[in-house]
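A structural walkthrough
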Amino acid sequence: MASTSLSFAPLPPKFRSPRKSTSSSSLLKPSTRRFSIRPITASISEKPSVPVPPSTTVSPSEPTTKPIRKIPGSYGLPFVGPIKDRHDFFYNLGRDEFFKSKIQKYGSTVFRANMPPGPFISSNPNVIVLLDGESFPVLFDVSKVEKKDLFTGTYMPSTQLTGGYRVLSYLDPSEPNHAKLKQLLFFLLKNRRDKVIPEFHSTYTQTFETLESELASKGKADFGGANDQAAFNFLARAWYDKNPADTKLGSDAPGMIAKWVLFQLGPILTLGLPRVIEDPLLHTYPLPPALVKKDYERLYQFFKESSGFVLDEAENLGISREEACHNLLFATCFNSYGGMKIFFPTIFKWIGRAGGKLHTQLAEEIRSVVRSNGGKVTMAGMEQMPLMKSVVYEAFRIEPPVPYQYGKAKKDLIISSHDASFEVKEGEMLFGFQPFATKDPKIFERAEEFVPDRFVGEGEKLLKHVLWSNGPETENPTLDNKQCAGKNFVVLVSRLLVVELFLRYDSFEIEVGTSALGSSVTVTSLKRASF
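Since we're looking at a predicted model, the values are computed, not measured.

So, the overall build of the chain
Summing up its helical and strand segments, the chain has 15 helices and 11 strands in all. Of all 531 residues assigned to the chain, the portion counted as buried reaches 60%. Working note: accessible area of the chain is about 20500 Å², and carbon and sulfur atoms make up 52% of it.

Below is the structure:
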């Protein structure tokens, strides 16, 4: 994640790829037998971890015997170079090929390039690119890099989109409000911890029923749309004890959030429009915030009316209620909802593609543990599901929901890849593309493959190389670092999705396409639990 908030952003652009692939060959028919469990509850003694231990940062490789090499690459001519790189990135090559071609050209996973959007949105698109698991961790070390206003990269969206405030995601830990706002999110997570599991069960039970009904009537069901509504409803109920359907928001939140996010991330997205339309529309000038002002005000009013207990705590911490409310909106709608919108289809995709054997193994493991815990799903019980945990971590590894990381060197540095060391000057911008770092073949065997049991047993030692949360999976967020405040919450709800799925179904089949924000998943078969 590119910041501290409960975040999965910035979100990845869409690239040219096959529109659809089917995970399985035949339609499975529903079974009349069902696996029965008691209502899902959270034990009072089992509290989500919201630790604030002393900071333990991951440092990049310090100067070693590796040869010092001049950083290869060029930014090209002013204006011309950044636009060429932008067109290569979005249209001529596509994201992954853009990076691969430069690795091949320079014989290095560290090089100079321009990152979108460039002119006229970004004043300086020049970056030093880090594409391996050895150099990437410097981006987490706030003693070496500054994170101020870098959440979205080489540009910052207008604060008119966030109520006039620089929200937590854009703050460096050295700024006074960083610790206060992050502490406020810790308070929210701790205060509502016992509501997460039961509200998730309730909300996603309704979602699965919706998918079943649509599948029965149409022969297929869109997971994305159903998940979008479920994700927002779940967060509102679990954190603020509000059902959006009973408020003025109704079911409008997902659509409003999508527009609001587009106005922030448009410069680094592609919607699949013709280049002559899309490039000037999204990548050359910012979209005017006034066009989403009314939507934002409706969202703000919902949070103002729903989060009184959190706003009271904000005042105790020395934060105004207004600033706190804008931060809660951003943390909930951009970071958390945005993450569930992107990552839940990702989980569905990779498990669906893995096929029936994995489905059976997951169903057996999950149901066995739930039965042994009296029919209850608990956090302690999920810790007894090594395959389920590994599958979730593998999804985070192979397709991290936060592909981009930025940091500006606070001082002259030496960073190292696997093969060489490089000198970085104070003030230079470092950029890491996380999917290459977490699929580094010098760290992971079969790095490009989805290996469900990769992190089982001895494989747990590799978790330090799973980096989606703006830090290693083996570390936790603190007031002094930029690791996602909701890291443990995100892992929890991702596990809950898999658990709920295989308590209810033996297997499922899907078709996978692409969307502006990741993968689109269409469900073509759901086989109800038979054992």
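Next comes the rest of the write-up.
A look at a nonpolar patch on the surface
Together, Leu77, Phe79, Val80, Phe120 and Tyr285 make up an exposed nonpolar region whose accessible area comes to about 550 Å². Position of Phe120 relative to the elements: it lies in the loop between β2 (110-114) and β3 (126-130).

Focus on the pattern of salt bridges
Two side chains with opposite charge may pair up if their charged atoms get near one another. One pass over the full model with this rule turns up 29 salt bridges. Arg298 is paired through a salt bridge with Asp252; the nearest N and O atoms lie 3.1 Å apart. Of this pair, Arg298 sits in helix α8 (residues 293-306) while Asp252 sits in the loop between α5 (223-240) and α6 (253-265), and the two are 46 residues apart along the sequence. Here the salt bridges share partners, and the residues they tie into one network are Asp149, Arg166 and Glu175.

Section: unusual backbone geometry
Cis peptide bonds are those with omega within 30 degrees of zero, and the linkage from Pro116 to Pro117 qualifies with 15°. Take Pro117: it is sitting in the loop between β2 and β3. With an omega dihedral of 5°, the bond running from Pro119 to Phe120 counts as a cis peptide bond. Residues other than glycine seldom take positive phi values, yet Phe79 does so here, at roughly 70°. Tracing the backbone shows Phe79 in the loop between β1 (21-22) and α1 (80-92). Exposure remark for Phe79: the relative accessible area of 41% places this residue in the partly exposed category.

Quick word on the pairing of strand β6 (residues 404-409)
For β6, the tally of buried residues reaches 5 of 6 residues, placing the bulk of the element in the interior. Note that strand β4 (residues 145-146) and β6 share 2 bridges and pair antiparallel. The residue of β6 that forms the bridge with Val145 is Ala409.

Some remarks on the nonpolar core
Considering soluble globular proteins, one finds that nonpolar side chains tend to be buried as a cluster. Counting 138 residues, the largest nonpolar core has Phe99, Phe232, Trp260, Leu362, Ile366 and Met382 as its most contacted members. Among the elements that line this core, the one with the most residues is helix α10 (residues 321-354), at 17 residues. Here Phe99 is in contact with Phe89, Phe111, Met115, Val129, Leu131, Phe431, Phe433 and Phe436, once residues within four sequence places are set aside. Of all hydrophobic cores here, the second largest spans 18 residues; its members include Leu130, Phe136, Phe422 and Leu467.

Structural notes on the confidence of the model for the chain
Of all residues in the chain, 88% have pLDDT values of 70 or greater, and the mean over the chain is 90. Contacts from residues 1-61, a stretch scored under 50 in pLDDT, to residues over four places away or in other chains number 216 contacts.

With respect to the sheet that holds strand β9 (residues 429-433)
In space, the 5 strands of this open sheet follow the order β2-β3-β9-β6-β4, with mixed pairing throughout. Taken across any chain shown, the strands that pair with only one partner, and hence form the sheet edges, are β2 and β4. Here β6 pairs with β9 via 5 bridges, running antiparallel. Within the sheet, the bridge partner assigned to Lys408 lies in β9 and is Met429. Strands β2, β3, β6 and β9 of the sheet are contacted by helix α2 (residues 95-106), whose axis makes an angle of about 130° with β2.

What to know about the packing of aromatic side chains
This structure, assessed with the given rule, holds 45 aromatic pairs. A ring pair is formed by Phe136 and Phe140, whose centres lie 5.7 Å apart and whose planes are at 70°; its orientation type is edge-to-face. With a relative accessible area of 8%, Phe140 lands in the buried category. Centre to centre, the rings of Phe200 and Phe234 are 5.2 Å apart; their planes meet at 80°, and the pair counts as edge-to-face. Placement of Phe200 in helix α4 (residues 196-218) and of Phe234 in helix α5 is noted, with a sequence separation of 34 residues between them. In this pair, the class of Phe200 matches that of Phe234, namely buried. One aromatic cluster in this structure is built from Phe200, Tyr204, Phe232, Phe234, Trp239, Tyr240, Phe302, Phe303, Tyr337, Phe344 and Phe489. The positively charged end of Arg397 is found above the aromatic ring belonging to Phe444, 5.0 Å away from the centroid.

Structural notes on the packing of helix α11 (residues 356-372) against helix α15 (residues 487-504)
For the pair α11 and α15, the least separation of the axes is 9 Å and the interaxial angle reads 95°. Taken together, the axis directions place α11 and α15 in an arrangement best described as roughly perpendicular. The segment α11 lies against α15, with His359, Leu362, Ala363, Ile366, Arg367 and Val370 engaging Val498, Val499, Phe502 and Leu503. Broken down by class, the residue content of the contact of α11 with α15 amounts to 8 nonpolar, 1 polar and 1 charged.

So, the side chain of His87
Here His87 is to be found in helix α1. A distance of 3.1 Å separates a polar atom in the side chain of His87 from a polar atom in the side chain of Asp279. With near-sequence residues (within four places) excluded, His87 lies in contact with Asn92, Arg275 and Asp279.

Procedures and definitions
Residues numbered from 1 in each chain as written. Predicted model: local features only at pLDDT ≥ 70, side-chain atom pairs only at ≥ 80, totals over all residues. Heavy atoms only, no water. Helix = DSSP H or I, 4+ residues; strand = E, 2+ residues; numbered from the N terminus. Buried < 20%, exposed > 50% of the residue type's maximum accessible area, 1.4 Å probe, protein only. Areas by Shrake-Rupley, 256 points an atom, 1.4 Å probe, with all protein chains shown as cover. Patch = residues over 30% accessible without salt bridge, like charges linked within 9 Å, V, L, I, M, F, W, Y side chains within 5 Å. Salt bridge = Lys/Arg side-chain N within 4 Å of Asp/Glu carboxyl O. Pairing = 2+ DSSP bridges. Core = buried A, V, L, I, M, F, W, Y, C linked by side-chain atoms within 4.5 Å. Contact = heavy atoms within 4.5 Å. pLDDT = per-residue confidence, 0-100. Axes fitted to C-alpha atoms, helices over the stretch in contact; angles between N-to-C directions. Phe/Tyr/Trp six-rings, centres within 6.5 Å; stacked < 30°, edge-to-face > 60°. Lys NZ or Arg CZ within 6 Å of the ring centre and 35° of its normal. Parallel < 35°, antiparallel > 145°, perpendicular 65-115°, else oblique. Nonpolar A, V, L, I, M, F, W, Y, C, P; charged D, E, K, R; others polar. Polar contact = N/O pair within 3.5 Å; in protein donor to acceptor, adjacent residues only side chain to side chain.

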